[in-house]
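Take a look at the letters that make up each chain.
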Amino acid sequence: MIPATAFAPACAATEAASRAIRLMDLTSLNDDDHDARIIALCHQAQTPFGNTAAVCIYPRFVGLARLTLAAQGTPEIKVATVVNFPHGDDELASVLAETRAALLAGADEIDLVIPWRALKAGDEAPARALVRGCKVLCGTRLLKVIIESGELQEPALIRAASLLAIEEGADFIKTSTGKVPVNATPEACRTMLAAIAECGAQHRVGFKAAGGVKSAQEAGEYLAMAAALFGDEWLVAERFRFGASSLLGQLLATIEGKKPVAADGSY
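These lines cover the structure that appears in this document, whether it is placed above or below. (Residues numbered from 1 in each chain as written. Predicted model: local features only at pLDDT ≥ 70, side-chain atom pairs only at ≥ 80, totals over all residues. Heavy atoms only, no water.)

The next subject is the packing of helix α1 (residues 13–22) against helix α10 (residues 216–230). Viewed as axis vectors pointing N to C, α1 and α10 meet at an angle of 75 degrees, and their least axial separation amounts to 8 Å. In terms of axis orientation, α1 runs roughly perpendicular to α10. When α1 is examined against α10, the residues Ala13, Ala16, Ala17, Arg19 and Ala20 are found in contact with a partner set consisting of Ala216, Ala219, Gly220 and Leu223. Among the residues making up the contact of α1 with α10, the classes are represented as 7 nonpolar, 1 polar and 1 charged. (Axes fitted to C-alpha atoms, helices over the stretch in contact; angles between N-to-C directions. Helix = DSSP H or I, 4+ residues; strand = E, 2+ residues; numbered from the N terminus. Parallel < 35°, antiparallel > 145°, perpendicular 65-115°, else oblique. Contact = heavy atoms within 4.5 Å. Nonpolar A, V, L, I, M, F, W, Y, C, P; charged D, E, K, R; others polar.)

What follows covers the nonpolar core. Ranked by size, the top nonpolar core spans 82 residues in total, and within it Leu193, Ile196, Phe207, Trp234, Phe240 and Phe242 carry the most contacts. Element by element, the count of residues in this core is highest for α10, at 8 residues. Sequence-distant contacts of Trp234, defined by excluding residues within four places in its chain, comprise Leu193, Ile196, Arg204, Val205, Gly206, Phe207, Ala226, Arg239 and Phe240. (Core = buried A, V, L, I, M, F, W, Y, C linked by side-chain atoms within 4.5 Å. Buried < 20%, exposed > 50% of the residue type's maximum accessible area, 1.4 Å probe, protein only.)

Time to look at the sheet that holds strand β1 (residues 24–27). Hydrogen bonds between backbone atoms are what pair the strands of a sheet, whose relative direction is either parallel or antiparallel. If you trace the 8 strands once around the closed barrel, you get β1-β2-β3-β4-β5-β6-β7-β8, paired in parallel fashion. Taken over all neighbouring pairs, the strand axes of this sheet differ in orientation by 25 degrees on average, direction set aside. Alignment of strand β2 (residues 54–57) against strand β3 (residues 78–83), held across 4 bridges, turns out to be parallel. What sits directly across from Cys56, in β3, is Ala80. (Pairing = 2+ DSSP bridges.)

Along the polypeptide, Pro115 turns up in the loop between β4 (109–113) and α5 (116–120). Exposure remark for Pro115: the relative accessible area of 11% places this residue in the buried category. The spacing of Pro115 and Arg128 is 13 residues in sequence and 9.4 Å in space, taken between C-alpha atoms. Each residue touching Pro115, except ones within four places of it in the same chain, is listed here: Gly88, Pro126, Ala127 and Leu130.

In structure tokens form, the structure reads like this:
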């Protein structure tokens, strides 16, 4: 169990904001996304205070994002995309084909939604097969497994889904799609980080909080929770991510000492 004191921010808001930018998957997963919006997203990922870790977009924009990031001189920013998204109910063969196509298009990272409804019904087999199959395709490229913690709700289910994903090869476990009423919460974060710790240092995977993190202060609380368990050195892009859209504006405003603009949520 992570102690309650872990919720205290580990650093000043500006320091947390600067670090959070470098740990962010800057996200646009809107039904009406278009080329110009994705190009703008890639430009936004390059900031005066450091670049985001990745951009996270729908598969059809992977090639465009890859070209845009290269053209602006930031090929180190990763291209992440989503599969079996957002519902988690596609057939195994379909998800594997989608994953294979995204990787061929140049995706560095795959964010996979597991069939959480089957898990809630007590059937682990579809989730195990899906994570295992996608990891085989990803090889050394990152597989982030979205457990949809806000829909699983119960800590025991969140823990079980986290451990299942880790056992089957996930490189990260991720809270949410950002498309359901409850997304990342401190409680889900606490349970998922504890599951990572439970697996030991030899099998330690990363954690991604997605949806619901709206300020530098909240970002700092999540960072502090992870640091309390694994140490400050764990807070690198290879181990910790935020999935967010509007959060970037809040972080930049915090660093610049400006009043944060109104936020309507993040993915």
